[in-house]
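# Secondary and tertiary structure notes
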Amino acid sequence: MNRAIWLVLDSLGVGAAPDAADYGDAGADTFGHIAAACAAAPRGPLRLPNFTTLGLPQTHAAAHGQPAPGFGKLPAPAGLWGYAVERACGKDTPSGHWETAGVVLSEPFGVFARAEHTFPPVLLQALVTQGGLPGVLGDCHASGTEIIQRLGAEHLRSGRPIVYTSADSVFQIAAHEQAFGRDRLYRLCELARRLLADYNIGRVIARPFTGTAEFGFSRSPHRRDYALPPPAPTLFDALLAAGGEVVAIGKIGDIFAHRGVSRCIEAHGHDELFDATLAAMAQAGESSLIATNFVDFDMVYGHRRDVFGYAAALEALDARLPELLHALRPGDLLAISADHGCDPTWPGSDHTRECVPVLISGPGLAPQALGRRDSFADIGQSVAVHLGLPPLAAGHSFLPSA
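Throughout what follows, the structure given in this document is the object of discussion.

Rules and cut-offs
Residues numbered from 1 in each chain as written. Predicted model: local features only at pLDDT ≥ 70, side-chain atom pairs only at ≥ 80, totals over all residues. Heavy atoms only, no water. Helix = DSSP H or I, 4+ residues; strand = E, 2+ residues; numbered from the N terminus. Buried < 20%, exposed > 50% of the residue type's maximum accessible area, 1.4 Å probe, protein only. Axes fitted to C-alpha atoms, helices over the stretch in contact; angles between N-to-C directions. Parallel < 35°, antiparallel > 145°, perpendicular 65-115°, else oblique. Left-handed = near helix turned anticlockwise from the far one by under 90°. Contact = heavy atoms within 4.5 Å. Nonpolar A, V, L, I, M, F, W, Y, C, P; charged D, E, K, R; others polar. Pairing = 2+ DSSP bridges. Core = buried A, V, L, I, M, F, W, Y, C linked by side-chain atoms within 4.5 Å.

## Thoughts on the environment of P75
- Examined against the element boundaries, P75 turns out to sit in the loop between helix 3 (56–64) and strand 2 (80–84).
- Note on P75: relative accessible area 45%, which makes it partly exposed.
- For P75 and T53, which are 22 residues apart along the polypeptide, the C-alpha to C-alpha distance reads 7.4 Å.

## Brief notes about the packing of helix 5 (residues 121–131) against helix 7 (residues 177–195)
- Closest axis-to-axis distance for the helix 5/helix 7 pair is 10 Å, and the angle between their directions is 140°. One way to sum up the angle between helix 5 and helix 7 is to call them oblique. Judged by the twist between their axes, the crossing of helix 5 over helix 7 is right-handed. For the pair formed by helix 5 and helix 7, the contact residues are L123, A126, L127, Q130 and G131 on the first element and L188, L191, A192 and L195 on the second.
- Its residues assigned to classes, the contact of helix 5 with helix 7 comprises seven nonpolar, two polar and no charged.

## A closer look at the sheet that holds strand 11 (residues 288–293)
- The mixed open sheet is built from eight strands, whose spatial order is 10-9-11-1-12-13-2-14. Strands at the two margins of the open sheet, each flanked by one partner only, are strand 10 (263–265) and strand 14 (368–373). Neighbour to neighbour, the strand axes of the sheet diverge by 15° on average, direction disregarded.
- With three bridges joining them, strand 9 (residues 245–249) and strand 10 adopt parallel strand pairing. By the bridge assignment for strand 10, V247 is matched with R263.
- Against the sheet, helix 10 (residues 270–283) engages strand 1 (3–8), strand 9, strand 10 and strand 11, with an angle of about 180° to strand 11.

## Comments concerning the nonpolar core
- In this structure, F31, L46, F51 and F236 are the most contacted members of the largest nonpolar core, which totals 84 residues.
- The dominant element in this core, judged by the number of residues it contributes, is helix 12 (residues 307–327), at eight residues.
- Apart from residues no more than four positions distant in its own chain, F236 is found in contact with W6, V246, I252, F256, R259, G260, V261, L289 and A291.
- Counting residues in hydrophobic clusters, the runner-up holds 24 residues, among them L133, L185, A192 and L196.

Right, here's the structure in full:
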């Protein structure tokens, strides 16, 4: 009975990709810079005994030629371990996930490049008119946490939602959950998704927040992503076509525009996401794929450039890994990867173009060094082989039986 579990450590890059300079990211290294900061701080080195058993720091060392600070003596990993280079242009969440699932984008997503007066006036006017709005605020590149502090009070006073973007292919709308209304915000984002049809923007993101001008504002956990659908069938589609089941936990369903997904499980925060993954593993039958995205690495720590928060979150997830490893059954394959980097020591607040870890384990799977893989799609192709599916359009399997 073959099943697969895919965990995405959102933004945990293991060093600059070969073409990182093209993105202004030469020298970026999410894992390595977190490890270095921890080793130099009073809190002490990064402590990841279970990720070390699976090969995470070894993967980083293989990509760099030397271990990260605090990881001087590394044992041989217990599973398959290596790192992958993204073929698609960009450093987006959808492109990274889709490539892992076998669809490599040949053209990059569109972006809104201007830092101020960012969006085309015709787009904003359509959003205002069709959305019944008194106007909008923002219209710029911004950090989501910063812009709600700066414009939250004006939003409450005027009723105008906050629209902003970043270097990524996103159109984000922030509005107060109570004063503006969460459902109203979702409907507005659905409208924006339709209005952006000609701009090839990867995601529209609803960013509800709470709070007051007196005490400050904070994001609520009710974010929702409205992504373009993948341009070709993915691993998810292939498994459903073969009669299998795809369980999407957290933001996975949104990233794939809910295509190829049997059921979605909503969960917020890493512990809740982990609990949902364990519950799905206990229930899932033969020919199932359980996919979970651990978004807080990116959203809460990477974009906010919180080095030690990121480190603590890694250590907390590491501490829970034995629960999942003990829940693996014969025929289960565990794949752990990332979708891009978000180096918390890097200037700005955007993603970074990095290689990602490839960690594969399961009962009876012999350890093996995978080295560098030239596409994230090798992961999806290997999962397809494990699940007995026809070959995907991209990727080369690294499983011993392939």
